[in-house]
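Next come the chains, spelled out residue by residue.
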Amino acid sequence: MGKKSLEIAGPNVDKNVGMLHRAYAFEMQTSLYFQYVANNIEGIGVLFEDFFGERAKEEQGHAAELNDRLMELGENPTDDPGSWEKESGLGKTQAKKYLSLRSALERALELERFGIGLYNDLANATKDNDHGTYQLALKLLTDELEDEQTIEDILARLEIRDVREGGAGAAA
């Protein structure tokens, strides 16, 4: 634990640490969701296995960054996967229920938006006092916003037009 890090974190360090624990639990849960979907997605979704696998790795990376910040503040995150759903506030991810491409992406969008809320709250709480946590919150917030846009774009492109209705390539 860095003495100066704790000093800089300010009087709200306990609140900030609680928020970091929550974010860590969220990232671990989300990583497991994405990995489960990558391994088990059905139908045309198999074409997106790599997409979901990459998201799992990204969320693991976020968890590692949060772990590092917690350690700088003298804390260790929980190692109990059973406690993550309660600690994150997310509840059960129920990945098995979301194995079609559309449902997996829609659930992923919900998860990304949950993360956006977490990191926005963390950034707002640490803006003027805990600069290390603030910078991390901004980085993770930016990542989640980019992921939200990517998923929204994929969902928008999933619509298939019937070429018999005069779409591109319709026979004359």
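Residues numbered from 1 in each chain as written. Predicted model: local features only at pLDDT ≥ 70, side-chain atom pairs only at ≥ 80, totals over all residues. Heavy atoms only, no water.

Undergrad: Residues and numbers for the packing of helix H2 (residues 13-40) against helix H3 (residues 49-72), please.
TA: Put simply, H2 and H3 touch, their axes get as near as 8 Å, and they point 160° apart. With respect to H3, the axis of H2 lies roughly antiparallel. Both H2 and H3 take part in a crossing whose hand is left-handed. The residue inventory of the contact of H2 with H3, partitioned by class, reads 13 nonpolar, eight polar and five charged. (Axes fitted to C-alpha atoms, helices over the stretch in contact; angles between N-to-C directions. Helix = DSSP H or I, 4+ residues; strand = E, 2+ residues; numbered from the N terminus. Parallel < 35°, antiparallel > 145°, perpendicular 65-115°, else oblique. Left-handed = near helix turned anticlockwise from the far one by under 90°. Nonpolar A, V, L, I, M, F, W, Y, C, P; charged D, E, K, R; others polar.)

Undergrad: Before we move on, could you go through unusual backbone geometry and cite the residues and values that matter?
TA: Phi is positive for glutamine 94, close to 50°, though the residue is something other than glycine. Overall, the relative accessible area of 39% leaves glutamine 94 in the partly exposed class. (Buried < 20%, exposed > 50% of the residue type's maximum accessible area, 1.4 Å probe, protein only.)

Undergrad: Report on the pattern of salt bridges, specifying residues and quantitative values.
TA: Scanning all chains against the criterion turns up 11 salt bridges. Linking lysine 139 and glutamate 65 is a salt bridge whose minimum nitrogen-to-oxygen distance equals 3.3 Å. With a gap of 74 residues between them, lysine 139 in helix H6 (residues 131-157) and glutamate 65 in helix H3 connect regions that are remote in the sequence. Members of the salt-bridge network, linked through shared partners, are Arg55, Glu58 and Asp147. (Salt bridge = Lys/Arg side-chain N within 4 Å of Asp/Glu carboxyl O.)

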